[in-house]
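# A structural walkthrough
Listed below are the residues making up each chain.
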Amino acid sequence: MIRKTGVKRTWLAATVLAVGSLIATSLPAHAETGVTGSEIKLGITLPLTGAASPGYNKIGNAMNAYFKYVNDNGGVYGRKVTLIQKNDEYSPQLSIAKTNELILKDKVFALVGPLGTANFTSVHKSVGIAKRGVPSLFLNTGFSGFANKKTYPTSFMILPSYAMEAKIISQFIKENHAGKKLGIVYQNDEFGIDGMGAFKAAGIKFDVSVPYTSGTQSAATAQTWVSQLAAGGAQVVVFFGVTSATAPLLAVAAGAKYSPQWILGSVGADPLTLRALGVPLAVLNGAQTPAGNPSPNDTSDEYVKQFQEINTKYNAGTAFDDYVLQGMNIGLMTVQGLRAAGPNPTRKGLIKAMETKGSTFASVAYSPLGYSQTSNVGHTGYYMAVMDANGDRKPFGGKVKLYTTDSGSGPVVVSTFKRPAMPAKGLPSNS
Amino acid sequence: MRKKIAFFIFLGWILLLIGDRVDELRVYQGAQIAMYTIALASIVLLTGYSGQVSLGNGAMMAVGGYSAALTLNNLGSPVWVAFLMAIVASALFGAFLGTAAARLSGPYLAGTTLALAVGLPEIANQFNFLGGVPGLLFDVGFPPERLGEEFTQYKWFFWIASFIALLALFITSNILQSRYGRTWRAIRSSPLAAELSGINSSRMKILAFTISSALAGLAGAVMAMTISLVAPGAYTLTLSFALVTGAVLAGVSSLPGVVFGALILVAIPEVADVVATRFGGGENLNNYLPTLIVSVLLILSVIFTPNGPGEKLRRHHHKKKI
């Protein structure tokens, strides 16, 4: 009895001490979360390591580079912008844990550019993003479900939806590949299914359809995809997945001397990353892809030129590609959002600013932004591009033909929209 | 018994008070501590009492988590039914596994359960109805409105997890103090002597495996609630090893110690964060350091206190009192 009491006391003391220390380190919340007189704290979850990381792991550093550039030039109303990156390895449960850290521990003002459809779906539900009123700007996913303003009132997309992309590819196929045998390889989750629904609605019927589970992409699985596509005689193959799956698909197909006309979805079509992952230039040559932004090599573009300069100075050693361009652009749009929220930003104020002024923000992408009080849709269109022998991307047909559409049953139309000019020196001055 | 009930009610009241006074991060961690407490209790029962070494408790948790999610999502049942299904399904799975386990011992049993921990969660990748890599959502819903606007989702998780953990500890403690607990200890000390005393050790081992699995499955469902998700990546081999480490640190045959073991497991990522920040290791180090800490703690514990620091502490007290 004495022994038992002694042991119990020791456990009790140890437990009380441990609980006490956890409580003692808790701090009460202050004013507007994540904003002090000198700093605005933002957070992002993305895969810095793991199978899906190639390419995506550059986005956070690119955003950081842009923020450093802005900070060195006076910040946002005198406050420096700090970005905390959390590595979720593209795993939904890690995304939840890391977003919890960002919101509850690091106490960020807003999430910016969180990546992955399944990831953000889980995070939004589990962490209670909407209920907490945490702004989630420029989601790095095109899942059209996120355009539901009722479910995602504090979230804002940036990419055109996968449904829009599929509709535009469908239009392109009808215009340029009519009558050919069609194949598709797609990621079998919200990402791919979103696109598949739109292909079907647009009247595109695939002769060979190969779904794959996210995370299972490898040379071995690509072997089975290629076998199915080749056996089905697919002459035009659409790929709707991430870059780490595009690479084995193209490499294995090249090895098997299977060379259909590739149409690579925008998510998995960065030439530089594909080459880094071992895809031969010759295979990329002629591949077609929907693109929202200009080529990262197009130095005649004012956005690209400015971002390249920033990358050289603040992100030294990192090759400038689509992902870096996307990261910098998210940085640019974030700063415009923060400025639009005023000198004393609040979370509610930021969301309101996005709704009322977001559609006028400068962005590298050619298509219009769809933000309004009833819409959290980002960019709304693509042009079709083709890769050349140098691994560069050029507009199909020689010049940009911009298609815009919606995620529903609206038509695909050719747009004459002119994007806003890059702010002077890449530093927004909006309010 | 009355005293014990009063003690657990008092403990519940203390937890409610703590839940009201700490910030949301600590409340969330409180729910995790409750989850680990249940999971570690399953190891104490299985290893500490019946002497069967299992490295596959993460897999048992996966069975519970997926059962709960499938019940909730497909049958639209109340949450408590989902938790109940987690217990039933994992108990049945445990009984099946226990039948095989009763024929094995030592490294063979450890190896078998290890293989289960590696393979079982990956099965989910192969079947669409299990959600693949992204997994299945497990949504227990918002807290009741009568609890007020300020009552957060995580506090709701904390309440549910704490209630379940207290109930599980109360029941487990009673089982361990009953003749079953004494029988398991007899089998662990000397299987031959136990058999000679008329104990059917195989049956008792299967029973231990069944109850332990039920507890682990319940912990798996609680984990699913705290992350609103069941996915293969949540029930990894790392989790199984973390549970073993937590149990060893707590003293593998000490039920009160599981709370301390759970606290350590929740504190490890915090420590890793501090270390990673201190040494400028950044986010990549932060992701891998907790696993490293768990491994180092397990190795150190096995070298210096083979039965765990908790057990050593208990012996130290015992000697002192004598």
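As the structure is a computational prediction, the values presented were derived from the model and not from experiment.

The subject of this paragraph is the overall build of chain A. Secondary structure assignment for chain A yields 13 helices and 14 strands. Since a compact globule built from 431 residues should have a radius of gyration of about 22 Å, the 23 Å found for chain A is in line with a globular shape. The C-alpha extent of chain A, read off along each of the three principal axes, is 80 × 60 × 40 Å. Long-range pairs, those at least 24 residues apart, make up 72% of the contacts in chain A between residues at least 6 apart in sequence.

Our focus in this paragraph is the overall build of chain B. Broken down by element type, chain B carries 13 helices and two strands. Its C-alpha atoms give chain B a radius of gyration of 19 Å, within 12% of the compact-globule value 20 Å for 322 residues. By residue count, 53% of the 322 residues in chain B fall in the buried class. For chain B, the proportion of contacts with a sequence separation of at least 24, taken over those separated by at least 6, is 78%.

The next thing to look at is the nonpolar core. In this structure, B:Ile38, B:Leu40, B:Leu218 and B:Val222 are the most contacted members of the largest nonpolar core, which totals 236 residues. Split by domain, the residues of this core number at least three in each of domain 1 (39-161 + 296-381) and domain 2 (162-291) of chain A. Excluding residues within four positions of it along the chain, B:Leu218 makes contact with B:Ile38, B:Gly64, B:Phe83, B:Ala86, B:Ile87, B:Ile164 and B:Ala168.

Attention now goes to the sheet that holds strand 3 (residues 110-112) of chain A. Strand pairing in a sheet takes place through backbone hydrogen bonds and is either antiparallel or parallel in direction. Residues and elements named next belong to chain A. Spatially, 2-1-3-4-5 is the arrangement adopted by the five strands of the open sheet, whose pairing is parallel. The open sheet has two edge strands with one neighbour each: strand 2 (80-87) and strand 5 (155-157). For this sheet the average axis-to-axis angle between neighbouring strands, irrespective of direction, equals 25°. Both strand 1 (residues 39-46) and strand 3 contribute to a ladder of two bridges, which runs parallel. Considered in strand 3, the bridge of Leu 42 is made with Ala 110. Seen against the sheet, helix 2 (residues 59-72) touches strand 1 and strand 2 and runs at an angle of roughly 170° to strand 2.

Residues and elements named next belong to chain B. An ideal rise of 1.5 Å per residue puts 27 Å on 19 residues; helix 3 (residues 57-75) measures up with 27 Å between its terminal C-alpha atoms. Extensive coverage of helix 3 is indicated by the burial of 16 of its 19 residues. A positive backbone phi angle near 60° is found at Gly 76, which sits one or two residues after helix 3.

This part is about the packing of helix 2 (residues 24-49) of chain B against helix 6 (residues 153-177) of chain B. All names here are of chain B. For the pair helix 2 and helix 6, the least separation of the axes is 8 Å and the interaxial angle reads 20°. Accordingly, the angle class assigned to the pair helix 2 and helix 6 is roughly parallel. The crossing of helix 2 and helix 6 is left-handed. Two secondary-structure elements touch here, helix 2 through Glu 24, Val 27, Tyr 28, Gly 30, Ala 31, Ala 34, Met 35, Thr 37, Ile 38, Ala 41, Leu 45 and Tyr 49 and helix 6 through Tyr 154, Lys 155, Phe 157, Phe 158, Ala 161, Ser 162, Ile 164, Ala 165, Ala 168, Leu 169, Thr 172 and Leu 176. In terms of residue class, the contact of helix 2 with helix 6 is built from 18 nonpolar, four polar and two charged.

Residues and elements named next belong to chain A. What the domain assignment reports for chain A is domain 1 (39-161 + 296-381) and domain 2 (162-291). Here the C-alpha centre of domain 2 lies 27 Å away from the C-alpha centre of domain 1. Contact residues are listed per partner, giving 19 residues for domain 1 and 18 residues for domain 2. Within the residue set of the side of domain 1 that touches domain 2, elements represented by two or more residues are helix 4 (117-132) and helix 12 (322-340).

What follows is about the environment of A:Pro211. All names here are of chain A. For Pro 211, the position within the fold is in strand 7 (residues 208-212). A count of 17 C-beta atoms within 10 Å places Pro 211 in the partly exposed class. Sequence-wise, Pro 211 and Ser 136 are 75 residues apart; in three dimensions their C-alpha atoms are separated by 30 Å. The residues touching Pro 211, leaving out its near neighbours within four places in the chain, are Tyr 186, Asn 188 and Gly 192.

Our next topic: unusual backbone geometry. All names here are of chain A. The backbone of Phe 138 shows a phi angle near 55°, a positive value even though the residue is not glycine. Here Phe 138 is to be found in strand 4 (residues 136-139). At Lys 257, a residue that is not glycine, the phi angle is positive and equals roughly 60°. Considering the arrangement of structural elements, one finds Lys 257 in the loop between helix 8 (243-255) and strand 9 (261-264).

Moving on, we get to helix 9 (residues 201-227) of chain B. With 27 residues, helix 9 of chain B extends 39 Å from end C-alpha to end C-alpha; this agrees with the ideal 39 Å at 1.5 Å per step. Looking one or two residues beyond helix 9 of chain B, the residue adopting positive phi is B:Ser228, at roughly 55°.

Another point: the environment of A:Tyr66. Residues and elements named next belong to chain A. Locating Tyr 66 in the fold gives a position in helix 2. We classify Tyr 66 as buried; it has 29 C-beta atoms within 10 Å. Taking the C-alpha atoms as reference points, Tyr 66 and Gly 265, 199 residues apart in sequence, are found 27 Å from one another. Every residue in contact with Tyr 66, bar those within four places of it in the chain, is listed here: Ile 310, Met 328, Gly 331 and Leu 332.

Residues and elements named next belong to chain A. Relative to the helices and strands, Asn 61 is located in helix 2. On the basis of neighbour counts, which here come to 19 C-beta atoms within 10 Å, the residue Asn 61 falls in the partly exposed class. Each C-alpha atom of the pair Asn 61 and Phe 146 lies 25 Å from the other, and the pair is 85 residues apart in sequence. Discounting chain neighbours no more than four positions away, the residues touching Asn 61 are Asn 315 and Thr 318.

Time to look at the confidence of the model for chain A. Of the residues in chain A, 93% have a pLDDT of 70 or more, and the chain-wide mean is 90. Confidence drops under a pLDDT of 50 for residues 24-30 of chain A, and excluding neighbours within four residues, the segment shows four contacts in the predicted structure.

With that out of the way, let us pick up the pairing of strand 10 (residues 288-291) of chain A. All names here are of chain A. Every second residue of strand 10 is oriented toward a common face, with Gln 288 and Pro 290 on one face and Thr 289 and Ala 291 on the other, all of them buried. Pairing of strand 10 with strand 11 (residues 381-387) involves four bridges; the strand directions are antiparallel. Looking at the pairing, Thr 289 lines up with Ala 385 of strand 11.

With that settled, the discussion passes to the packing of helix 2 of chain B against helix 9 of chain B. Residue and element names in this part refer to chain B. It is at 9 Å that the axes of helix 2 and helix 9 come closest, and there the two elements cross at 165°. Classified by the angle their axes make, helix 2 and helix 9 are roughly antiparallel. Crossing angle aside, the handedness with which helix 2 passes helix 9 is left-handed. Residues Ala 31, Gln 32, Ala 34, Met 35, Ile 38, Ala 39, Ala 41, Ser 42, Leu 45, Leu 46 and Tyr 49 of helix 2 touch helix 9, and the partners they reach there are Ala 208, Phe 209, Ile 211, Ser 212, Leu 215, Ala 216, Leu 218, Ala 219, Val 222, Met 223 and Thr 226. Here the residues of the contact of helix 2 with helix 9 are counted per class, giving 18 nonpolar, four polar and no charged.

Moving on: the pairing of strand 9 of chain A. Residue and element names in this part refer to chain A. Pairing analysis gives four bridges linking strand 8 (residues 236-240) to strand 9, with the strands arranged parallel. In the sheet register, Val 237 faces strand 9, and the bridge partner there is Trp 262. Each parallel crossover has a hand, and the one from strand 8 via helix 8 to strand 9 is right-handed.

Residue-level pLDDT values for chain B average 85, and 94% of them are 70 or greater. Among the scores for the predicted complex, ipTM is 0.76 and pTM is 0.81.

What counts and how
- Residues numbered from 1 in each chain as written.
- Chains lettered and ligands numbered in written order.
- Predicted model: local features only at pLDDT ≥ 70, side-chain atom pairs only at ≥ 80, totals over all residues.
- Helix = DSSP H or I, 4+ residues; strand = E, 2+ residues; numbered from the N terminus.
- Rg over C-alpha atoms; globule rule 2.2 N^0.38 Å.
- Contact = placed C-beta atoms within 7 Å.
- Buried ≥ 20, exposed ≤ 12 C-beta atoms within 10 Å, placed from the backbone.
- Core = buried A, V, L, I, M, F, W, Y, C linked by C-beta atoms within 7 Å.
- Domains from an automatic or database assignment.
- Pairing = 2+ DSSP bridges.
- Axes fitted to C-alpha atoms, helices over the stretch in contact; angles between N-to-C directions.
- Expected span 1.5 Å × (residues − 1).
- Parallel < 35°, antiparallel > 145°, perpendicular 65-115°, else oblique.
- Left-handed = near helix turned anticlockwise from the far one by under 90°.
- Nonpolar A, V, L, I, M, F, W, Y, C, P; charged D, E, K, R; others polar.
- pLDDT = per-residue confidence, 0-100.
- Right-handed = clockwise from strand over helix to strand, strands pointing away.

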